[in-house]
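Geometric and topological summary
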Amino acid sequence: MLSSYLNFRFDVQGKPINGFCMRIQDDFHETYAVIVDGYHSFCVWLDSTSTWRSSKHTSVEPTVLEQIISRITSVEPT
């Protein structure tokens, strides 16, 4: 899992996606603030059932969200 901060850059269907995510303090879930160029910021978190959730009004496409979560979960803790 991501320890605190991660820059990301990838393409989804030829569209470049740039941004970063940062772990934020949450007493109940593993939570990350996500900032993506050209989109509103949003949060993702791992709930008590080990399911990734995102903010109600997350405006990124599902494939973009999947890529971001994949990058968060693939980073080794430091």
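Positions within a chain are numbered from 1, following the residues in the order the chain's sequence is written. The model is predicted, so local features are restricted to residues of pLDDT at least 70 and side-chain atom pairs to those at 80 or more, both for listing and for counting; the totals for chains, interfaces and linings are taken over all residues. To obtain the side-chain values, all non-hydrogen atoms of the structure were used and water was disregarded.

**Focus: a nonpolar patch on the surface**
Rules: Patch building starts from residues that exceed 30% relative accessible area and form no salt bridge, then joins like charges within 9 Å and nonpolar side chains (Val, Leu, Ile, Met, Phe, Trp, Tyr) within 5 Å. For the accessible areas, the method is Shrake-Rupley and the probe is 1.4 Å, while residue cover comes only from the protein chains on display. The term salt bridge refers to a side-chain nitrogen of Lys or Arg lying within 4 Å of a carboxyl oxygen of Asp or Glu. The secondary structure listing takes helices from DSSP runs of H or I that are at least 4 residues long and strands from runs of E that are at least 2 residues long, numbered from the N terminus.
A contiguous nonpolar surface patch, about 250 Å² in accessible area, is contributed by Tyr5, Met22 and Ile24. Within the secondary structure layout, methionine 22 lies in strand S2 (residues 15-24).

**Observations regarding the sheet that holds strand S5 (residues 52-54)**
Backbone-to-backbone hydrogen bonds pair the strands of a sheet. The strands run either parallel or antiparallel. Definition in use: A pair of strands is labelled paired if DSSP reports no fewer than 2 bridges between them. To obtain an axis, a line is fitted to C-alpha atoms, over the contacting stretch when the element is a helix, and the angle between two such axes runs from 0 to 180 degrees between their N-to-C directions. The contact definition used throughout considers only heavy atoms, calling two residues in contact when any of these lie within 4.5 Å.
Ordered by their spatial adjacency, five strands build an open sheet running S1-S2-S3-S4-S5, and the pairing between neighbours is antiparallel. In this open sheet, the two strands that pair with only one neighbour each are strand S1 (5-12) and S5. Adjacent strand axes in the sheet meet at a mean angle of 25° when their direction is disregarded. Of the strand pairs in this sheet, strand S4 (residues 42-46) and S5 are connected by three bridges, and their pairing is antiparallel. Within S5, the position partnered with valine 44 by the bridge is serine 54. Running at roughly 140° to S1, helix H1 (residues 62-74) makes contact with S1, S2, strand S3 (30-36), S4 and S5 of the sheet.

**A look at the pattern of salt bridges**
Just so we agree on the cut-off: Only protein chains enter the accessibility calculation, which uses a 1.4 Å probe; a residue is then buried when its area is under 20% of its type maximum, exposed when over 50%, and partly exposed in between.
On inspection of all chains with the given rule, the structure shows one salt bridge. For the salt bridge of aspartate 47 with arginine 53, the shortest nitrogen-to-oxygen distance reads 2.8 Å. Judged by its relative accessible area of 14%, aspartate 47 falls in the buried class. Taking the relative accessible area as the measure of exposure, arginine 53 reaches 39% and is therefore partly exposed.

**With respect to H1**
What counts is decided by this rule: A helix's residues, less one, multiplied by 1.5 Å, set its expected span. To be clear, the arc concerns the directions from the helix axis to the C-beta atoms.
Under the 1.5 Å per step criterion, the end-to-end length of H1 is 18 Å for 13 residues, consistent within 8% with the ideal 18 Å. Those residues of H1 that fall on the buried side of the exposure criterion are Val64, Leu65, Ile68, Ile69 and Ile72. Along the axis of H1, the buried residues cluster in a sector spanning 130°; they form a single face. The outward face of H1, more than 90 degrees from its buried face, is lined by the exposed residues Glu66 and Ser74. Buried positions along H1 lie against S1, S2, S3, S4 and S5.

Read these as spatial facts, not as claims about activity.
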